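Letter by letter, the chains look like this.
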Amino acid sequence: MPELPEVETIVRDLRRLVTGAQVRTVVVVRGDLIDSDPAWFEQSLAGARIEQVTRRAKNIVMKIGAVAPGAERLVINLGMTGRVLVLGVDAAEPSHPGVRFQLEDGRRLLYQDVRRFGRLQLLSGEAWASRSAALGLEPLSDEFTPEALHGLTRRSRVAIKTWLMDQRRVVGVGNIYASEALFRAGVSPRKAAGRLLRRETTRLHETIRAVLDEAIEFRGTTLLDYRDAAGERGGFALRLEVYDRAGKPCPACGTAIRRIVQGARSTFFCPTCQR
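Computed from a prediction, not measured in an experiment: that's the story for all the values here.

### Here we look at the sheet that holds strand β4 (residues 73–77)
- Across the sheet, which stays open at both edges, the four strands sit in the order β2-β3-β4-β8 with antiparallel pairing between neighbours. The strands lining the two open edges of the sheet, one partner per strand, are β2 (49–56) and β8 (119–123). For this sheet, the mean inter-axis angle between neighbouring strands, taken without regard to orientation, is 20°.
- One ladder, built from five bridges, connects β4 with β8; its direction is antiparallel. Residue pairing across strands places L74 opposite L122, the latter belonging to β8.
- Sitting on the sheet, helix α3 (residues 125–133) touches β2, β3 (59–65), β4 and β8, and the angle it makes with β8 is about 125°.

### What about the pattern of salt bridges?
- If you walk through the whole model with that rule in mind, you get 20 salt bridges.
- With a shortest N-O distance of 2.6 Å, D13 and R219 are connected by a salt bridge. Of this pair, D13 sits in helix α1 (residues 4–18) while R219 sits in the loop between α7 (198–217) and β9 (258–262), and the two are 206 residues apart along the sequence.
- A relative accessible area of 5% places D13 in the buried class.
- Across the pair R203 and E206 runs a salt bridge, and its minimum N-O distance is 2.8 Å. Taken together, the positions of R203 and E206, both in helix α7 and three residues apart, correspond to about one turn of that helix.
- By relative accessible area, E206 is classed as partly exposed at 45%.
- Via salt bridges that share partners, E8, R12, R55, R56 and E138 belong to a single interconnected network.

### Remarks on the environment of M62
- For M62, the location among the structural elements is in strand β3.
- According to the relative accessible area criterion, M62 is buried, its value standing at 1%.
- On a C-alpha basis, the gap between M62 and S179 in space is 30 Å, while along the polypeptide they are 117 residues apart.
- Ignoring anything within four residues of it in the chain, the contact list for M62 reads L14, I50, Q52, V53, E72, R73, L74, I76 and L109.

### Some thoughts on a nonpolar patch on the surface
- Taken together, the side chains of M1, M80 and F117 present a nonpolar region at the surface, about 310 Å² in accessible area.
- Checked against the element boundaries, M80 lands in the loop between β4 and β5 (82–87).
- According to the relative accessible area criterion, M80 is partly exposed, its value standing at 38%.

### Side note on the packing of aromatic side chains
- Across all of its chains, the model carries three aromatic pairs by this definition.
- When the ring of Y177 is compared with that of F236, the centres are 6.0 Å apart and the planes differ by 40°; the resulting orientation is tilted. In this pair, Y177 sits in helix α6 (residues 174–185) while F236 sits in the loop between α7 and β9, placing the two residues 59 residues apart along the sequence.
- What makes F236 buried here is its relative accessible area of 0%.
- Where Y243 meets F268, the ring centres are 5.0 Å apart and the plane angle is 70°; that geometry is what we call edge-to-face. Placement of the pair is Y243 in the loop between α7 and β9 and F268 in strand β10 (residues 265–269), with a sequence separation of 25 residues. Here the two residues Y243 and F268 agree in accessibility, since each one is buried.

### Concerning the environment of T267
- Secondary-structure assignment places T267 in strand β10.
- On a C-alpha basis, the gap between T267 and P189 in space is 7.6 Å, while along the polypeptide they are 78 residues apart.
- A distance of 2.7 Å separates polar atoms of two side chains, one belonging to T267 and the other to K161.
- Reaching out from T267, the side chain makes a polar contact with the side chain of Q262 at a distance of 2.7 Å.

### Notes on the packing of α1 against α7
- Axis separation between α1 and α7 bottoms out at 9 Å; the angle between their running directions is 45°. The angle between the axes of α1 and α7 places the two elements in the oblique class. The crossing of α1 and α7 is right-handed. Residues L4, P5, E8, T9 and R12 of α1 form the contact with α7, whose participating residues are L212, A215 and I216.
- Class assignment for the residues of the contact of α1 with α7 results in five nonpolar, one polar and two charged.

What counts, and at which threshold
- Residues numbered from 1 in each chain as written.
- Predicted model: local features only at pLDDT ≥ 70, side-chain atom pairs only at ≥ 80, totals over all residues.
- Heavy atoms only, no water.
- Pairing = 2+ DSSP bridges.
- Helix = DSSP H or I, 4+ residues; strand = E, 2+ residues; numbered from the N terminus.
- Axes fitted to C-alpha atoms, helices over the stretch in contact; angles between N-to-C directions.
- Contact = heavy atoms within 4.5 Å.
- Salt bridge = Lys/Arg side-chain N within 4 Å of Asp/Glu carboxyl O.
- Buried < 20%, exposed > 50% of the residue type's maximum accessible area, 1.4 Å probe, protein only.
- Patch = residues over 30% accessible without salt bridge, like charges linked within 9 Å, V, L, I, M, F, W, Y side chains within 5 Å.
- Areas by Shrake-Rupley, 256 points an atom, 1.4 Å probe, with all protein chains shown as cover.
- Phe/Tyr/Trp six-rings, centres within 6.5 Å; stacked < 30°, edge-to-face > 60°.
- Polar contact = N/O pair within 3.5 Å; in protein donor to acceptor, adjacent residues only side chain to side chain.
- Parallel < 35°, antiparallel > 145°, perpendicular 65-115°, else oblique.
- Left-handed = near helix turned anticlockwise from the far one by under 90°.
- Nonpolar A, V, L, I, M, F, W, Y, C, P; charged D, E, K, R; others polar.

As structure tokens, this is what we get:
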């Protein structure tokens, strides 16, 4: 499932490629991807201009020069297998198209989703602001400080790995990067968040940011489905130290990496380095 680095990579691509572009027509191929009437969705975006592309948590957020009331933000959540691709005038279209945006300059913005767990929504600016306010801190923002992380973890009995994946606290870290950050910080994924010492939350704050920045630099992690806006794979998978490496030696001490299940998700860690 795409996490913060993958979504941020796509957003940066889209910001460069489609900011200012005008949408000529929209065709909803798979109506179950739209959280509204597909006909209204198509009509509301026809003739609209993409004014801004940003990210909030794991959502791609496009500010739209609306031609219909209540359609100022296009919010795209990629689910498990969603992709947003910018196709040239003569480029072949991949299989499983979900929504096709025909741009005035002849290019196409295509939402593709094999398993169709992703969602596209048109919202008013107020509705999006309300939803955004209910989400947690952005881990790459100025507001996410060592002090903020330490304060948020207090009194929580939830295991720190599970805690990090709660979007009401910190957004976008996800399964892969939570395992990687905890390993780099030397913190056990099973330790209760509220029991972390200040030096541990300070170190974890540092490793969360470092892992996310590094993953963005390598354009995300492709294990199966993720592709950037040009259809290319991310390169961070080759730099994973514990995730999906159960039974392989820890890069720091040689102990076999272990896999456990927390909150129905796989966690990978070194039992020696992360006591």
